[in-house]
Amino acid sequence: MSRLLVLLIAVACVHPLAAQKTVNWETLKPEILNDYRGLVQLDTTSGHETRAVDFLRKLLEGEGIPTETFALEPDRGNLVARLKGSGSKRPLLILAHTDVVGVLREKWPVDPFSAAMKDGYIWGRGSKDDKPVLTANLIAMLLLKRLGVQLDRDVIFLAESGEEADPAGVGINYMVREHFDKIDAEFAMTEGGGATINGARVEMVNIGTAEKLPARVRLVASGTAGHGSVPRMDNALIHLSAAVEKVGRWETPMRLNDTTRTYFEKLAGISSPEKAAQYKALFNSKTAASAQQYLRENDPSLYSMLRTSVVPTMLKAGVGPNVIPSEAEATLDVRALPGEDLPKFFAEMAKVIGDPAVKIVPIPQTRPPSPASRLDTDMYRVMEQVAKAVYPGAAVLPSMSTGASDQAQLRAKGIQSYGVGPASTGEDALNYPAHGDVERLAESSLYPFVQYVWGVVTEIAAQK
Ligand SMILES: [Zn+2]
């Protein structure tokens, strides 16, 4: 532990050969800020990712790190760089997506691609999602090379396109399908975690270890078409609305996995007595139902972590006020727990609906089912240890995202993949989130995050 603290805070003693090389984080701050702001200033909304590839290539090759570009579409390139290790261990992949979601300019107090610095924040689209991770990975590569760190395993850098929107499969799908040998690794680290600031300190660090699978379906109700002046018992709209009501209120079964069990146990340890009692009550069959009800009412995100969730999101029916349509349909956003038996789940759903006039039609999935990453790997242990060193006093929790990310494709290929992210206050995460109208990151969150990523990379990959 003391070695780790020394490594992170003052001197990088990663190898006898590099023993005299130091990372002075104070003097590195301007470079980190400059690279980060440079990336935020690039408008890399979907279709323009190659701008980031060009920016990164210049910096990496400027320091003698060779790069390769893989592009299914010229404007949506992916960039790979590899620092070779001894090969005694399998590679580490550090990746981040370069694309950002679109902006409504009138909502922004500053130019969304200016990386303006105001009130201690850097403002801009991508300032949280995903340019902090992209920057931290870049700095890690530059430092490994500069310090001549000897590696036990290759460190692979991937800047990927199309995480936010990828109907053509130009990003991770393309890399996994066509160039998997370039990114195959034992461990991966990317977006999908985070940290929470409470008062002046980081209270909780989340390591992303699992995510739910979007497994959407359409409910299609059929009936007899006819004139709106004649009531019919088999009106498709009546059947559909009854079905939507039933599945919308359906309490799907609670199922904990290693990640969520550990998460709720540890969360209880840092929560108010009232909340802690509810989290602990989940583990007792006598009290689990009331604890779930508490979460359903007070914290729907935590409620969603307990189960495969079913949320009606769209309705479609009818051509005119005086026409009974022969068909009516609803879309359900189903988010499945890792390992969910979907055919069985949909059979249960059919029973809940209990109406042969309503069919459940699965919508093709855009991501593969992915298992949770393990909590007993060297990578998880290192991440936990480094998080505690960089954020003293913080609780470190594995977490399962209710959303979906490119980690699914990596986990599906057998890579143990883990999510990281910079720290935010709860208020900032609520008011200036990823994909929000306005996005920003506290400058004071950027530097510790870069140190965290560097600490993990060196601890897991550098020669011992
Ligand atoms: Zn993202």
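Rules used throughout
Residues numbered from 1 in each chain as written. Predicted model: local features only at pLDDT ≥ 70, side-chain atom pairs only at ≥ 80, totals over all residues. Heavy atoms only, no water. Axes fitted to C-alpha atoms, helices over the stretch in contact; angles between N-to-C directions. Helix = DSSP H or I, 4+ residues; strand = E, 2+ residues; numbered from the N terminus. Parallel < 35°, antiparallel > 145°, perpendicular 65-115°, else oblique. Contact = heavy atoms within 4.5 Å. Nonpolar A, V, L, I, M, F, W, Y, C, P; charged D, E, K, R; others polar. Donors = N, O, S within 2.8 Å, 3.2 Å for Na, K, Ca; no water. Tetrahedral: all angles 85-135°; square planar, octahedral: opposite > 155°, others 65-115°. Buried < 20%, exposed > 50% of the residue type's maximum accessible area, 1.4 Å probe, protein only. Salt bridge = Lys/Arg side-chain N within 4 Å of Asp/Glu carboxyl O. Core = buried A, V, L, I, M, F, W, Y, C linked by side-chain atoms within 4.5 Å.

A few points about the packing of helix H2 (residues 25–40) against helix H16 (residues 443–461)
Packing of H2 against H16 leaves a shortest axis separation of 10 Å and a crossing angle of 105°. One finds that H2 runs roughly perpendicular with respect to H16. Here Trp25, Lys29, Ile32, Leu33 and Tyr36 of H2 lie close against H16, whose contacting residues are Glu443, Leu446, Tyr447, Val450, Gln451 and Trp454. When grouped by side-chain class, the residues that make up the contact of H2 with H16 number 8 nonpolar, 1 polar and 2 charged.

Notes on the coordination of the zinc ion
Around the zinc ion, the protein contributes the donor atoms His97 (NE2), Asp129 (OD), Glu191 (OE) and Glu191 (OE), at 1.8 to 2.8 Å from the metal centre. For the zinc ion, the 4 donor atoms are set out with angles of 51 to 150° between them, so the coordination reads as irregular. Of note, the zinc ion draws all its donor residues from one chain, in the sequence arrangement H-x31-D-x61-E. A residue pair is termed long-range when its members are at least 10 positions apart, and His97 in strand E3 (residues 92–97) and Asp129 in the loop between strand E5 (121–123) and helix H4 (131–146) qualify at 32 residues. Residue classification places His97 among the buried positions, given a relative accessible area of 1%.

Structural notes on the pattern of salt bridges
Within the structure shown, the criterion is met by 31 salt bridges. Glu186 is paired through a salt bridge with Arg153; the nearest N and O atoms lie 2.8 Å apart. On the criterion of sequence distance, the pair formed by Glu186 in the loop between helix H6 (180–183) and strand E7 (187–191) and Arg153 in the loop between H4 and strand E6 (155–160) is long-range, its members being 33 residues apart. Looking at Arg153, the relative accessible area reads 2%, which means it is buried.

So, the nonpolar core
Residues Phe157 and Tyr452 are the most contacted members of the largest nonpolar core, which totals 71 residues. Ranked by residue count, the leading element in this core is H16, at 11 residues. Dropping the residues within four chain positions of it, Tyr452 is found in contact with Val205, Ile207, Met383, Val386, Ala387, Val390, Tyr391 and Val420. Counting 23 residues, the second-largest nonpolar core is a separate cluster that includes Ala243, Val244, Leu342 and Phe345.

Here's the deal with unusual backbone geometry
The step from Asp129 to Asp130 runs through a cis peptide bond, and the omega angle for that step is 15°. Mapping Asp130 onto the fold places it in the loop between E5 and H4. Here Asp119, not a glycine, exhibits a phi torsion of approximately 55°, which is positive. By the element assignment, Asp119 lies in the loop between strand E4 (116–118) and E5. A residue is classified by how much of its surface remains accessible, and Asp119, at 61% relative accessible area, is exposed.

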